[in-house]
Amino acid sequence: EMFSPSQKYQLFVYHADSLFHDKEYRNAVNKYIMALQQKKSLSKTSKVRPSTGNAASTPQSQCLPSEIEVKYKMAECYTMLKQDKDAIAILDGIPSRQRTPKINMMLANLYKKAGQERSSVTSYKEVLRQCPLALDAILGLLSLSVKGAEVASMTINIIQSIPNLDWLSVWIKAYAFVHTGDNTRAINTICSLEKKSFLRDNVDLLGSLADLYFRAGDNKNSILKFEQAQMLDPYLIKGMDVYGYLLAREGRLEDVENLGCRLFNISDQHAEPWVVSGCHSFYSKRYSRALYLGAKAIQLNSNSVQALLLKGAALRNMGRVQEAIIHFREAIRLAPCRLDCYEGLIECYLASNSIREAMVMANNVYKTLGANAQTLTLLATVCLEDPVTQEKAKTLLDKALTQKPDYVKAVVKKAELLSREQKYEDGIALLRNALANQSDCILHRILGDFLVAVNEYQEAMDQYSIALSLDPNDQKSLEGLQKMEKEESPTDATQEEDVDDMEGSGEEGDLEGSDSEAAQWADQEQWFGMQ
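Fair warning: this is a prediction, and the values are worked out from it, not measured in the lab. (Residues numbered from 1 in each chain as written. Predicted model: local features only at pLDDT ≥ 70, side-chain atom pairs only at ≥ 80, totals over all residues. Heavy atoms only, no water.)

Digging into the overall build of the chain
Keep this limit in mind: Segments assigned H or I by DSSP are reported as helices when at least four residues long, segments assigned E as strands when at least two residues long, and all are numbered from the N terminus. Burial classification: accessible surface area is computed with a 1.4 Å probe over protein chains only, and a residue below 20% of its type maximum counts as buried, one above 50% as exposed, and the rest as partly exposed. We call two residues in contact whenever any of their non-hydrogen atoms come within 4.5 Å of each other. Where accessible areas are quoted, they stem from the Shrake-Rupley method and a 1.4 Å probe; at the residue level, only the protein chains shown are allowed to cover.
When you go through the chain residue by residue, the secondary structure sums to 30 helices and 0 strands. For the chain, with 531 residues in total, the buried portion stands at 44%. For the chain, the proportion of contacts with a sequence separation of at least 24, taken over those separated by at least 6, is 51%. A total of about 27900 Å² of accessible surface is found on the chain, and carbon and sulfur atoms cover 51% of it.

Written out as C-alpha cells, the structure is:
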C-alpha cells in the first residue's frame with residue numbers, strides 16, 4: 001500500500017515482464033491483465049481529479065509503460081501458449097490508428113495462420129505503408145498471391161528517394177516467382193541479383209537459391225549453395241534442415257551427424273537441429289526416434305515444413321499411414337509449391353492402396369505446378385501402379401526425360417518399367433546415359449541389377465561396389481554384392497541354403513533389437529504427449 005497507483009501499474013508490468021522472460025506465460029498474462037485494470041482505475045481517478053498544476057506528475061505519467069505495449073506483450077504470451085484466437089482478440093481491440101508496425105505485423109501473421117487472408121493482406125499493407133522497406137511484409141503479401149507489380153508499387157517512392165536501392169524491385173520480382181512456383185525464373189532472377197556488388201555473397205540470397213535448386217530437383221547445386229552460405233556464416237540455422245535432409249539422402253550420415261551437433265551448439269530452441277538429427281535417425285532406419293525428433297521440432301515451430309515431412313515419413317514407415325496423411329496435408333497447406341509435400345502424401349495413398357486418391361492428387365499437382373520433369377514423373381509413378389495406365393506412364397516418363405535427361409527419379413521409374421518389360425539392354429543404355437554426367441547410388445545399384453540380368457556379373461559387382469562407396473548403408477547394393485560373391489564361390493546348393501538360414505536368423509535378431517528401441521522411443525513419445 002506504500003506505492004502510488006501509477007507505481008502499482010509499473011510494478012504489475014515489471015512483474016509480468018519478468019514472468020514472460022522466465023517462460024511462465026499464463027502467469028504473465030494474469031499479471032498483464034491486473035496491470036491493465038490498474039491503468040483503467042488510474043485513468044478514472046485522473047479524470048475525476050483534475051490536474052493541480054504539479055509539474056512533477058507530468059514526467060511520471062510520461063514514464064509509465066504504454067497500454068498498447070502491454071497488450072502486445074499479452075498477445076506474445078498467447079501465441080507462445082498457442083492461443084492464437086486470444087492473441088488476435090487482444091490486438092484487434094487496439095484502435096487501427098494506434099497500431100504500431102510490429103502490432104500490424106503480428107496481426108498479419110496471425111490472420112494468415114488462421115486462414116483469414118483478406119485481413120492478413122490488409123495488415124501487411126499497413127506495415128508497408130508505415131515501413132516501406134519491411135521485407136518480411138513484402139514476402140507475406142507475395143505468399144498470399146498478391147501480384148509482384150502491386151507490391152513493388154508500394155515501395156517505388158522509397159526506391160527512388162534512396163540511392164543504391166534499385167536492386168529491391170528485382171528482389172521483389174524474384175520472390176514473386178518463388179511464391180508462384182516458377183522455380184526456373186526465380187533462380188535466374190536471384191542469380192542476376194547475386195552478381196550485383198551490393199548483394200554478392202549475401203547469405204540470405206544464397207539460402208533462397210539453395211532452396212530453389214532443391215525444389216527444382218537439382219540437389220547437387222542445392223548442396224553447393226548451402227555449403228557456400230554456411231562458409232560465409234558458420235552460425236547459420238535457417239535452411240539447414242533441408243541441407244541435412246539432402247546430405248542424409250545421399251548417404252552422408254556422418255556429415256549429417258556433425259551438422260546436427262554443430263546446430264545444437266548454436267541453439268536447441270530452433271526446429272532445424274532436431275530435424276537434422278531426425279533425418280540421421282530416419283536414414284539409419286530408427287523410425288521411432290525420428291518420429292520423436294520430428295515431433296519435438298514441430299513443438300518448437302509448428303510451421304516447419306521439413307519437420308512435418310520428417311514426422312509424416314516416420315509415421316508412414318511405421319505403418320501409421322492415416323496419421324502420416326494428416327502431417328503431409330498440413331505441409332501442403334504451408335508450402336503449396338513444394339513438390340516433396342505432395343510426393344509424401346501420394347506415397348501414403350499408394351501404401352494404403354488408395355490408387356484413385358493418388359491419381360486425383362497427382363493430376364491436381366500436374367495442373368497446379370505445370371508440366372515439368374518432376375510433376376510428369378510424379379504422375380507417371382501413380383500410373384505405374386495400375387496395369388491399365390502403363391502406356392500412359394511410359395509416355396509421361398519419356399516427356400520428363402526429354403525435358404531433363406538426368407532427372408534421377410524419372411530415370412529410376414523408366415528403368416522400373418523397362419525391367420517389367422524385361423528390356424534389360426534398353427535399361428542399361430538408359431542408366432549409362434544418366435550416369436555419364438552424375439554419380440548416384442540408386443542408379444549404380446539398378447545398373448548392377450540389370451547387368452546381372454544379362455549375365456555381366458563382373459561389371460555388376462563393380463556397380464554395386466560404386467553404389468556402396470557412395471552410400472555404405474545401402475542395403476540392396478550390399479545384398480546384390482553378397483549374392484554375386486556367393487555365386488562366384490564354389491559352394492553347393494546345400495551349403496548356400498545353410499548360409500541363407502543363418503542370414504535369416506541374423507536379420508530376425510536385428511529386427512528384435514529395433515523393436516526394443518522402438519518401444520523405448522515410443523514410451524518417450526507418449527511421455528511428451530505426442531501419440
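After that view, the rundown keeps rolling.
So, the nonpolar core
Applicable threshold: Each nonpolar core is a collection of buried residues, namely Ala, Val, Leu, Ile, Met, Phe, Trp, Tyr and Cys, held together in the definition by side-chain atoms within 4.5 Å. Throughout the structure description, domain borders are defined by an automatic or database domain assignment.
Core analysis: the biggest nonpolar cluster contains 96 residues, and Ile346, Leu431 and Leu443 have the highest contact counts within it. Residue contributions to this core reach at least three from each of two domains, namely domain 1 (165–233) and domain 2 (237–335). The residues touching Leu431, leaving out its near neighbours within four places in the chain, are Val411, Ala415, Leu443, Ile446, Leu447 and Phe450. The next biggest cluster of nonpolar side chains, apart from the first, holds 34 residues, and it includes Ala134, Val146, Phe177 and Leu199.

Here we look at helix H25 (residues 408–420)
Quick reminder of the rule: Any helix carries an expected span of 1.5 Å times its number of residues minus one.
Under the 1.5 Å per step criterion, the end-to-end length of H25 is 19 Å for 13 residues, consistent within 8% with the ideal 18 Å. For H25, every residue scored as buried is listed here: Val408, Ala410, Val411, Val412, Lys414, Ala415, Leu417 and Leu418. Looking at the buried residues of H25, the elements they touch are helix H23 (373–383), helix H24 (390–403), helix H26 (424–435) and helix H27 (441–453). Gln422 occupies a position one or two residues after H25 and carries a positive phi of about 60°.

Thoughts on the UniProt feature "repeat: TPR" (unreviewed entry) in the chain
Just so we agree on the cut-off: UniProt positions are given in the numbering used here, feature names are shortened, and annotations may be inferred rather than shown by experiment.
If you check UniProt for "repeat: TPR" (unreviewed entry), the listed places come out as residues 305–338 and 441–474 in our numbering. Span residues 305–338 is 79% helix and 0% strand, its end C-alpha atoms 9 Å apart. Across residues 441–474, the secondary structure splits into 79% helix and 0% strand, with the terminal C-alpha atoms separated by 8 Å.

Some remarks on unusual backbone geometry
You will see that Asn164, though not glycine, has its phi angle at about 60°, which is positive. As for its position among the elements, Asn164 is in the loop between helix H10 (156–161) and helix H11 (167–179). We note that Gln422 has phi near 60°; this positive angle belongs to a residue other than glycine. Tracing the chain through its elements places Gln422 in the loop between H25 and H26. Overall, Gln422 belongs to the exposed group, its relative accessible area being 57%.

Section: the side chain of His327
Residue placement: His327 occurs in helix H20 (residues 321–334). His327 sits in the buried class, given a relative accessible area of 14%. For His327, the residues in contact, after removing those within four places along its chain, are Ile298, Leu308, Lys311, Gly312 and Leu315.

Quick look at the environment of Glu194
If you trace the backbone, Glu194 turns up in helix H12 (residues 183–194). As for Glu194 and Leu205, which are separated by 11 residues in sequence, their C-alpha atoms are 7.3 Å apart.

Notes on the packing of aromatic side chains
Definition in use: When the centres of two rings from Phe, Tyr and Trp lie within 6.5 Å, Trp using its six-membered ring, the rings pair. Their planes under 30 degrees apart give stacked, over 60 give edge-to-face, and anything left gives tilted. We call a charge positioned above a ring when the Lys NZ or Arg CZ atom is no farther than 6 Å from the ring centre and deviates by at most 35 degrees from the ring normal.
Summed over all chains, the structure comprises 8 aromatic pairs. Counting every residue linked through ring pairs, the aromatic cluster contains Phe282, Tyr283 and Tyr287. Between the NZ or CZ atom of Lys39 and the centre of the ring of Tyr9, over which it lies, the distance is 5.9 Å. Its guanidinium or amino end placed over the ring of Trp274, Lys296 lies 5.5 Å from that ring's centre, counting from NZ or CZ.

Some remarks on the pattern of salt bridges
Test applied: The working definition used for a salt bridge is a side-chain nitrogen of Lys or Arg within 4 Å of a carboxyl oxygen of Asp or Glu.
Summed over the entire model, instances satisfying the criterion amount to 22 salt bridges. Between Arg129 and Glu126 there is a salt bridge, and its shortest N-O distance comes to 2.5 Å. Of this pair, Arg129 and Glu126 are both found in helix H7 (residues 117–130), 3 residues apart, which corresponds to roughly one turn of the helix. The exposure class of Glu126 is partly exposed, given its relative accessible area of 25%. Measuring nitrogen to oxygen at the nearest pair gives 2.9 Å for the salt bridge that ties Glu343 to Lys409. Of this pair, Glu343 sits in helix H21 (residues 339–351) while Lys409 is found in helix H25, placing the two residues 66 residues apart along the sequence. Relative accessible area serves as the criterion here: at 28%, Lys409 is assigned to the partly exposed category. Salt bridges linked by common partners bring Glu227, Glu250, Arg252 and Asp255 together as one network.

A closer look at the packing of helix H19 (residues 305–317) against H20
Which entries qualify depends on this criterion: For helices, the fitted line uses only the C-alpha atoms of the stretch in contact; every axis is such a line through C-alpha atoms, and the angle between N-to-C directions lies from 0 to 180 degrees. Reported orientations rely on four angle classes, namely roughly parallel under 35 degrees, roughly antiparallel over 145, roughly perpendicular from 65 to 115, and oblique for the rest. Here is the rule for handedness: rotate from the far helix to the near one, and if that takes an anticlockwise turn smaller than a right angle the crossing is left-handed, while a clockwise turn gives right-handed.
Taken N-terminus to C-terminus, the directions of H19 and H20 make an angle of 160°; their axes are 8 Å apart at the nearest point. Considering the angle they form, H19 stands roughly antiparallel to H20. In this structure, the crossing between H19 and H20 has a hand that is left-handed. Contact residues: Val305, Leu308, Leu309, Lys311, Gly312, Ala313, Leu315 and Arg316 in H19; Val321, Glu323, Ala324, His327, Phe328, Glu330, Ala331 and Leu334 in H20.

Brief notes about the packing of H12 against helix H13 (residues 203–215)
Two measures define how a pair of helices packs: the angle their axes make with one another and the distance between the axes. Note the following rule: Basically, the charged four are Asp, Glu, Lys and Arg, the nonpolar ten are Ala, Val, Leu, Ile, Met, Phe, Trp, Tyr, Cys and Pro, and anything else, Gly included, counts as polar.
Where H12 contacts H13, the axes come no closer than 10 Å and their chain directions differ by 155°. In terms of axis orientation, H12 runs roughly antiparallel to H13. As H12 runs across H13, the sense of the crossing is left-handed. For the pair H12 and H13, contact is made by Asn183, Ala186, Ile187, Ile190, Cys191, Leu193 and Glu194 and by Leu205, Leu206, Ser208, Leu209, Leu212, Tyr213 and Arg215, respectively. A per-class count over the contact of H12 with H13 returns 10 nonpolar, 2 polar and 2 charged.

Let's talk about the confidence of the model for the chain
We count it as follows: You can read pLDDT as the predictor saying how much it trusts each residue, on a scale of 0 to 100.
The predicted model of the chain averages 86 in pLDDT, with 89% of residues at 70 or higher. With pLDDT under 50 throughout, residues 50–59 is counted as low confidence; its partners more than four residues away or in other chains account for 0 contacts. Counted against residues more than four places away or in other chains, residues 521–531, with its pLDDT under 50, gives 19 contacts.

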